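This is what each chain is made of:
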Amino acid sequence: GAGVSQSPSNKVTEKGKDVELRCDPISGHTALYWYRQSLGQGLEFLIYFQGNSAPDKSGLPSDRFSAERTGGSVSTLTIQRTQQEDSAVYLCASSLTGVQPQHFGDGTRLSIL
Amino acid sequence: QKEVEQDPGPLSVPEGAIVSLNCTYSNSAFQYFMWYRQYSRKGPELLMYTYSSGNKEDGRFTAQVDKSSKYISLFIRDSQPSDSATYLCAMKRGNNAGKSTFGDGTTLTVKP
């Protein structure tokens, strides 16, 4: 079966533009997560969805960041008015339930010029 | 202080060596423990998943959890050049779990 799919794989944009990152989780996985990984760093948690609800959005760094999940499946992470410090790899993961281990996509590499 | 500490390395070993990777943690609420392998420009790949204390073996990989010491380990036997990657430990709390907290990763190179 297909794994977690993320698009685009790479995104280069100018400072101040808005970007949308997409995640297609593994079919049947109720839990979905977004993480951010900066160069040479560990994974920084952003938000967790259970179904279409987000019981934990404590990792979103500012109100420029938002995410939604529709139909218990696809999720979109939106960054408004991008800044250079937003440059990172944005990783999406899904799991069968909230206690099961996460399976990751290969990420979107975001570069802000 | 970070909740999860992991020695960043880098760690370099000859092919065939036994590799030991370790993490310590401070939050006793962690109940689920994972190890991931991450190749360059790829997402983390789940290697091992354990619940609470004890050992779990899968092929050349053995995961150990010692909750009394707040210490987890991953052992790789008969290491291969293809094992060269960054290894990340991760932990989840109980109570519906949700997010994982990750170590910063250990970079391993296995030399032929």
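Structural notes, computed from the coordinates. (Residues numbered from 1 in each chain as written. Chains lettered and ligands numbered in written order. Predicted model: local features only at pLDDT ≥ 70, side-chain atom pairs only at ≥ 80, totals over all residues. Heavy atoms only, no water.)

Comments concerning the nonpolar core
Quick reminder of the rule: Side-chain atoms within 4.5 Å are what join buried Ala, Val, Leu, Ile, Met, Phe, Trp, Tyr and Cys residues into a set we call a nonpolar core. The buried label goes to any residue with under 20% of its type's maximum accessible area, the exposed label to any with over 50%, and the partly exposed label to all in between, with areas taken from a 1.4 Å probe on protein chains only. Starting at the N terminus, helices and strands are each numbered in turn, a helix being any DSSP run of H or I of at least four residues and a strand any DSSP run of E of at least two.
With 24 residues, the main nonpolar core has Trp 35, Ile 72, Leu 74, Ile 76, Tyr 87 and Met 91 of chain B as its most contacted residues. Secondary structure elements with two or more residues in this core: strand E3 (19-25), strand E4 (30-38), strand E5 (45-51), strand E7 (61-66), strand E8 (71-76), strand E9 (85-93) and strand E11 (106-111) of chain B. Core analysis: the next-biggest nonpolar cluster, separate from the first, contains 19 residues, Phe 65, Leu 77, Leu 110 and Ile 112 of chain A among them.

A word on the state of the cysteines
Filter applied, for reference: The disulfide criterion is simple: two cysteine sulfur atoms within 2.5 Å.
Taken as a whole and assessed by the stated rule, the structure comprises two disulfides over all chains. One disulfide in the model links Cys 23 of chain A with Cys 92 of chain A; its S-S distance is 1.9 Å. Disulfide Cys 23 of chain A-Cys 92 of chain A: the torsion about the S-S bond is -70°, which places it as left-handed. With a gap of 69 residues between them, Cys 23 of chain A in strand E3 (residues 19-24) and Cys 92 of chain A in strand E9 (residues 88-95) connect regions that are remote in the sequence. The class for Cys 23 of chain A is buried, based on a relative accessible area of 0%. Through a disulfide, Cys 23 of chain B is tied to Cys 89 of chain B; the S-S separation comes to 2.0 Å. Measuring handedness by torsion sign, the sulfur bridge of Cys 23 of chain B and Cys 89 of chain B sits at about -100° and is left-handed. On the criterion of sequence distance, the pair formed by Cys 23 of chain B in strand E3 and Cys 89 of chain B in strand E9 is long-range, its members being 66 residues apart.

Observations concerning the layout of surface pockets
Filter applied, for reference: In the cavity and pocket records, a cavity denotes points on a 1 Å grid over the protein atoms alone where a 1.4 Å probe fits but cannot get out, a pocket denotes an open set with protein on both sides within 12 Å along at least 5 of 7 lines, and lining residues are residues with an atom within 4 Å of a point. Grid points are joined across faces, edges and corners, and a volume is the space filled by probe spheres set on the points. All residues other than Ala, Val, Leu, Ile, Met, Phe, Trp, Tyr, Cys, Pro, Asp, Glu, Lys and Arg, Gly among them, are scored as polar; the first ten of these are nonpolar and the last four charged.
Considered as a void within the structure, the largest pocket measures approximately 620 Å³ in volume. Contributing to the lining of the largest pocket are 29 residues, with Gln 37, Ser 38, Leu 39, Gly 40 and Gln 41 of chain A lying nearest its centre. Listed by contribution, the elements that provide at least two residues to the lining of the largest pocket are E9 and strand E11 (108-112) of chain A together with E9 and E11 of chain B. For the lining of the largest pocket, the class distribution of residues is ten nonpolar, 14 polar and five charged. Reported here for the second largest pocket is a volume of approximately 270 Å³.

Topic: the pairing of E9 of chain B
All names here are of chain B. What counts, and what does not: At least two bridges found by DSSP between two strands is the condition for calling them paired.
For E9, the tally of buried residues reaches seven of nine residues, placing the bulk of the element in the interior. Across eight bridges, E4 lies against E9 in antiparallel orientation. Within the sheet, the bridge partner assigned to Phe 33 lies in E9 and is Met 91. Across three bridges, the pairing between E9 and E11 is antiparallel.

Examining the pattern of salt bridges
Quick note on the threshold: Salt bridges are defined by distance alone: a side-chain nitrogen of Lys or Arg within 4 Å of a carboxyl oxygen of Asp or Glu.
Evaluation of the coordinates by the stated rule reveals nine salt bridges over all chains. For Arg 64 of chain A, the salt bridge is made with Asp 86 of chain A, and the minimal N-O distance between the two is 2.8 Å. Taken as a pair, Arg 64 of chain A in the loop between strand E6 (53-56) and strand E7 (65-69) and Asp 86 of chain A in the loop between strand E8 (75-79) and E9 lie far apart in primary sequence, 22 residues in all. Asp 86 of chain A shares its class with Arg 64 of chain A; the two are buried. Among the ionic pairs, Asp 83 of chain B bridges to Arg 60 of chain B, the shortest N-O distance being 2.9 Å. With Asp 83 of chain B in the loop between E8 and E9 and Arg 60 of chain B in the loop between strand E6 (54-58) and E7, the pair connects residues that are 23 residues apart, well separated along the chain. Note on Asp 83 of chain B: relative accessible area 1%, which makes it buried.

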